[in-house]
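Topology and contacts: notes
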Amino acid sequence: MNNQSVRIEKDSLGEVRVPAQALYMAETQRAIDNFPVSGLRFGRSFIGALGIIKSAAAAVNAELGLLDSALAAAIEQAAAEVAEGRHDEHFPVDIFQTGSGTSTNMNANEVIATRARQIAGGTTCHPNDHVNLCQSSNDAIPAAIHIAATIELQEKLLPSLDHLHHELLRKAQENDGVVKTGRTHLMDAMPIRLGQQIGGWAAQVRLSIERLTATQARLSELALGGTAVGTGINAHPEFGARAAARIAQRTGFPFVECVNHFAAQSAQDTAVELSGQLKSLALALMKIANDLRWMNSGPQAGIAEIVLPALQPGSSIMAGKINPVIPESVMMVAAQVIGNDATISVAASHGNFELLTMLPVIAHNLLQRLHILANASRLLADKAVQGFTVNREQIAALAEKNPVLATALNPIIGYDAAVEIAKQASADGRRIIDVAAEKTSLSRAELERLLDPRALTYGGIAAAPTDG
């Protein structure tokens, strides 16, 4: 910064040079200077949540007679602009900062105070005394985590999962008549219907939705009102409940004041709970995407049961090669989410006494996971599940030659005799029914009945799309 592009701001430590056009002030600039670590900043959802908190706080403080109504209105408007994303460029503080998130809380306080002064025509507005009134970083940052996570979960991830679930159920119904070779240990096993396999994927997604939805009750509790250490020092006793009610009214989600401020500020157990559910979802998506990738393998030397949509050339040198890019993208998202869970777990273990001091990294990793899982789930639905075609001839040929079909003869001829038939069929490359006709006294008609692949796939009917 040269002298022509800066202004001088002051805080309790002295003077600081700040970019002339910046809405933030001294404490934010100190954080910029102190934490040049990663270049990672808080995303839209978290900054938006801080704006929502500051707007609600101003309104409640005016109601309680703690803040002049005109000043409160200016703060509300400025905070609403932050919530809407109009000033995101003025939130430059690195994720890897002070563990309470104080730098980012003060960043929000300073931006809103500066903007409120502009709105009110120069009226004094102090970031601590007015914007941060009845709050502390120690309750505002945990509350912002819960608000941002709720919005990401309810408005993005769950709708994406509902969409994926519906597409899987539709595809299961569409292909429930297709009998294919089941596989265990990546080896041929007894036949199943393709609808049963896809229906299993749909059930994994449905169960993930149920797990995530069950977490919302804990996410709805906000730490606001606890201030510095959970006792509510310098806050009106009604502030927490009123602020939560106003945030609920604004967002449409059932936020309430937390049951216990000491737990809410010294731990992030709900973030860990949600993180665990996101890891379970990631593992489900990993399984689904990997199954699709294997089933698509080929077109000549692989399983080639399905053909995924051709979205882009697969090689810079091999002509005509098409790769399963969407499943691979989803699998990398899943890997990132699984790794983030470890970060959140370690961070959440540092709730020493009255404050957990790794809040920013928990917030960043939790919200990133919600965001990328929502996008990946929708991609998987729209660019893989929705458009893949089934190679019915290949599936039928593989199912017919499957030597494990001899298992169906166990109750009649015994396990050992069935094994011999399976081994002979495999060695000769012949169908089970032909070998069994030679080695047993069963009639051809009886063998056709016993070895009919579709008859062996009883149970587990794929659900209709409306059942989800």
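Residues numbered from 1 in each chain as written. Predicted model: local features only at pLDDT ≥ 70, side-chain atom pairs only at ≥ 80, totals over all residues. Heavy atoms only, no water.

1. Describing the pairing of strand S4 (residues 187-193)
Using the following cut-off: Strand pairing is assigned whenever DSSP detects at least two bridges linking the two strands. Only DSSP runs of H or I with at least four residues qualify as helices, and only runs of E with at least two residues qualify as strands; both kinds are numbered from the N terminus onward.
Relative to S4, strand S3 (residues 179-184) runs antiparallel, the two being bridged by five bridges. Residue pairing in the sheet places Thr 181 in a bridge with Pro 191 of S4. Remark: two residues form the turn of the hairpin made by S3 and S4, two consecutive strands paired antiparallel; His 185 in that turn has positive phi of roughly 60°.

2. What about the packing of helix H11 (residues 325-348) against helix H12 (residues 359-385)?
For clarity, the cut-off: Note on method: axes are straight lines fitted to C-alpha atoms, helices fitted across the in-contact stretch only, with angles between N-to-C directions ranging 0 to 180 degrees. Orientation labels follow simple angle bins: below 35 degrees gives roughly parallel, above 145 gives roughly antiparallel, 65 to 115 gives roughly perpendicular, and whatever is left gives oblique. Crossing handedness follows the turn of the near helix against the far one: under a right angle anticlockwise gives a left-handed crossing, and clockwise gives a right-handed one. Each residue is assigned to one of three groups, with Ala, Val, Leu, Ile, Met, Phe, Trp, Tyr, Cys and Pro labelled nonpolar, Asp, Glu, Lys and Arg labelled charged, and all others, Gly among them, labelled polar.
Contact pair H11 / H12: the axes reach a minimum separation of 9 Å and the direction vectors enclose 160°. When the axes of H11 and H12 are compared, the pair comes out roughly antiparallel. Along this stretch, H11 crosses H12, giving a crossing that reads as left-handed. When grouped by side-chain class, the residues that make up the contact of H11 with H12 number 16 nonpolar, five polar and three charged.

3. Focus on the state of the cysteines
The following threshold applies: Note on terminology: pairs of cysteine sulfur atoms within 2.5 Å are recorded as disulfides. Exposure categories follow from relative accessible area, calculated using a 1.4 Å probe and restricted to protein chains: below 20% of the type maximum is buried, above 50% is exposed, and the middle band is partly exposed.
According to the stated counting rule, one finds zero disulfides in the structure shown. Among the cysteines around Cys 125, which has no disulfide bond, Cys 134 carries the closest sulfur, lying 14 Å off. Of the residues examined, Cys 125 reaches a relative accessible area of 2% and is grouped as buried.

4. Describing the nonpolar core
Our working rule: In these notes, a set of buried Ala, Val, Leu, Ile, Met, Phe, Trp, Tyr and Cys residues joined through side-chain atoms within 4.5 Å is what counts as a nonpolar core. Residue contacts are counted whenever heavy atoms from the two residues lie within 4.5 Å of one another.
Leu 157 and Leu 380 are the most contacted members of the largest nonpolar core, which has 114 residues in total. Top element by residues in this core is helix H6 (residues 137-174). It accounts for 16 residues. Those residues within four positions of Leu 380 in sequence are excluded, and the remaining contacts are Leu 164, Leu 285, Ile 288, Leu 292, Ile 326, Val 330 and Val 385. Residues Leu 409, Ile 421, Ile 432 and Ile 433 belong to the second largest nonpolar core, which totals 17 residues.

5. Observations regarding the environment of Gln 386
Tracing the chain through its elements places Gln 386 in the loop between H12 and strand S10 (389-390). By relative accessible area, Gln 386 is classed as partly exposed at 36%. Beyond its immediate chain neighbours, meaning those up to four positions away, Gln 386 contacts Glu 167, Arg 170, Lys 171 and Ala 381.

6. Some words on the side chain of His 90
Keep this limit in mind: Pairing of N or O atoms within 3.5 Å defines a polar contact, subject to two protein rules: one partner must be a possible hydrogen donor and the other a possible acceptor, and residues neighboring in sequence count only if both atoms are side-chain atoms.
Assignment of secondary structure puts His 90 in the loop between helix H3 (69-84) and helix H4 (102-119). A polar contact of 3.5 Å, which involves the side chain of His 90, links it to the side chain of Glu 89. The residues contacting His 90, other than those within four sequence positions of it, are Gln 21, Ala 22, Leu 23, Tyr 24, Asn 107 and Val 111.

7. Some words on the packing of aromatic side chains
To keep things clear, this is the line we draw: Only rings of Phe, Tyr and Trp enter the pairing, Trp through its six-membered ring, and a pair is recorded when the two centres are within 6.5 Å. The plane angle decides the type: under 30 degrees is stacked, over 60 is edge-to-face, the rest tilted. Here, a charge over a ring is recorded when the distance from Lys NZ or Arg CZ to the ring centre is within 6 Å and its angle to the ring normal is within 35 degrees.
Tallied over the entire structure, the rule returns one aromatic pair. Ring geometry for Phe 42 against Phe 46: centres 4.2 Å apart, planes inclined by 20°, an arrangement best described as stacked. Like Phe 42, the residue Phe 46 is buried in the burial classification. One residue, Lys 171, lies across the ring of Phe 388, its end atom 4.6 Å from the ring centre.

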